[in-house]
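# Summary of structural features
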Amino acid sequence: KILWRAHDFRGVLRNLPPRSLDQGMDQIQSIVETNFARRLGPGNVSYYNNANILMTAPVMLIGTAISTAAFPSLSKRLSQGRPDLFNREFLKVLRVMLWLSLPIVIVSFFARGYLARLIFSRDSNQITLIFGYLTIAIFAGIMYTILSRWFYARKDTRTPLFVSVFTVAFNILLAVLLARPGSYGIAGLALSQSIASITEVVILFVIMMIRDHRILNRVFWNSCAKIVSVSGFSLLAGYIAVAFFPLGLNDRGFVTLGAKLSLIAMVTFTTHILMSGLFGLDESQPIFRGLKRIVTRPLKLFPY
């Protein structure tokens, strides 16, 4: 039985159309970008789509997964009339995603050639070039997944829709200017998407602060400053790792490329975790507690 006059049911009917349209904006942007890539010459559609797959994977695995898991708890806090707990949990998730996204972006940028050659053996140079410009969009995409949930938890699906419409229009304008044979060419599409994605995140962030100017406290900004500082060490570690394990002209195969890629990622993430512990970041403490439990676990010398 459908309760047409129920408040919750009418709320769903009000929020569903903007959310559905917002989902469709990504498809519109994809169609426009494909059209631009096709005009730039044969093969560019494939190059761009393959690089876009590399960009989308960490956004889905990290951003979408974590924000989707956190959303029910965030909504519950508001339904309980506890905006203080909502803000605390939201900032906690936001810091975790910031802490995770920065080393992922660093590894993606430095290891873009390894990834492209490992997954797409043909035309890897073009894919590497495009993916390099899309690494900024990885960070923006992960941040967008949690920022948009701040609005959805408050039953506001219109604001993300309006911002998405502006972002798509801004992206098209940038593509017209940058994705030309005399400009950046096919790489201009990736650059346009990265700039537009960062702009979208900044706009949502500003709107969030205007609506709740007390949400971002000094503790949050101090944590962000520490995370950025730690990421500086991770950036240096990634650069040194690439210098020690460079991508050779004749490097081919899963073993060679996979080994170098794994070493670069391991050095970068290990540095990120260790420096996070030294800086006292709460986001790294579950890892150290897990390692401590493994190390201090008593050994059973006699299985009887």
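The notes below deal with the structure included here. Note that the structure is predicted; figures quoted are calculated from it, not measured. (Residues numbered from 1 in each chain as written. Predicted model: local features only at pLDDT ≥ 70, side-chain atom pairs only at ≥ 80, totals over all residues. Heavy atoms only, no water.)

For the protein chain, the count of helices and strands is ten helices and zero strands. Reading the helices (α) and strands (β) of the protein chain from amino to carboxyl end gives α-α-α-α-α-α-α-α-α-α. In the protein chain, buried positions account for 44% of the 304 residues. In the protein chain, the proportion of contacts linking residues at least 24 apart, taken out of those at least 6 apart, comes to 76%. Carbon and sulfur atoms form 66% of the exposed surface of the protein chain, whose accessible area is close to 17,100 Å². Charged side chains in the protein chain number 32 positive and 13 negative. The centres of these two groups are separated by 4 Å. (Helix = DSSP H or I, 4+ residues; strand = E, 2+ residues; numbered from the N terminus. Buried < 20%, exposed > 50% of the residue type's maximum accessible area, 1.4 Å probe, protein only. Contact = heavy atoms within 4.5 Å. Areas by Shrake-Rupley, 256 points an atom, 1.4 Å probe, with all protein chains shown as cover. Lys, Arg positive; Asp, Glu negative; His and termini not counted. Charge placed at Lys NZ, Arg CZ, Asp CG, Glu CD.)

Applying the stated criterion across every chain yields a total of five salt bridges. E283 is the partner of R95 in a salt bridge, and the nearest nitrogen-oxygen pair spans 3.1 Å. Linking R95 in helix α3 (residues 83-110) with E283 in the loop between α9 (254-278) and α10 (285-295), this pair joins segments that are 188 residues apart in sequence. Taken as a pair, R95 and E283 share a single burial class, namely buried. We note a salt bridge from R211 to D156, for which the minimum N-O separation is 2.5 Å. In this pair, R211 sits in helix α7 (residues 186-211) while D156 sits in the loop between α5 (124-153) and α6 (158-178), placing the two residues 55 residues apart along the sequence. Overall, D156 belongs to the buried group, its relative accessible area being 14%. (Salt bridge = Lys/Arg side-chain N within 4 Å of Asp/Glu carboxyl O.)

It is worth spelling out helix α4 (residues 112-119) at this point. Buried within α4 are the following residues: G113, Y114, L115, A116 and R117. The secondary structure elements touched by the buried residues of α4 are α3, α5, α8 (218-244) and α9.

A word on the nonpolar core. Counting 68 residues, the largest nonpolar core has F90, L94, I130, F131, L134, L189 and M208 as the members making the most contacts within it. At 16 residues, the largest contribution of residues to this core is made by α5. The residues touching I130, leaving out its near neighbours within four places in the chain, are Y47, Y48, A51, I186 and A190. (Core = buried A, V, L, I, M, F, W, Y, C linked by side-chain atoms within 4.5 Å.)

A few words on a positive patch on the surface. On the surface, a cluster of positive charge is made up of R88, K92, R289, R293 and R297. If you list the elements that add at least two residues to the positive patch, you get α3 and α10. The exposure class assigned to R293 is exposed, which follows from its relative accessible area of 55%. (Patch = residues over 30% accessible without salt bridge, like charges linked within 9 Å, V, L, I, M, F, W, Y side chains within 5 Å.)

If you trace the backbone, S284 turns up in the loop between α9 and α10. Judged by relative accessible area, S284 falls into the buried class, the value being 0%.

Between two aromatic rings, the relevant description is the distance of the centres plus the angle of the planes. Scanning all chains against the criterion turns up nine aromatic pairs. When the ring of Y133 is compared with that of Y184, the centres are 6.3 Å apart and the planes differ by 75°; the resulting orientation is edge-to-face. Of the two residues, Y133 sits in helix α5 while Y184 sits in the loop between α6 and α7, which places them 51 residues apart along the sequence. By relative accessible area, Y133 is classed as partly exposed at 27%. Ring pairing ties together the aromatic residues F109, F110 and Y239, which thus form one cluster. The lysine or arginine in question, R112, covers the ring of F109, its NZ or CZ lying 4.3 Å from the ring centre. (Phe/Tyr/Trp six-rings, centres within 6.5 Å; stacked < 30°, edge-to-face > 60°. Lys NZ or Arg CZ within 6 Å of the ring centre and 35° of its normal.)

Where α3 contacts α5, the axes come no closer than 9 Å and their chain directions differ by 170°. With respect to α5, the element α3 is oriented roughly antiparallel. Counting all contacts with α3, which are made through F86, F90, V93, L94, M97, L98, S101, L102, I104, V105, S108 and F109, the residues of α5 involved are F131, G132, T135, I138, F139, I142, M143, T145, I146, L147, W150 and A153. Considering only residue class, the contact of α3 with α5 consists of 19 nonpolar, five polar and no charged. (Axes fitted to C-alpha atoms, helices over the stretch in contact; angles between N-to-C directions. Parallel < 35°, antiparallel > 145°, perpendicular 65-115°, else oblique. Nonpolar A, V, L, I, M, F, W, Y, C, P; charged D, E, K, R; others polar.)

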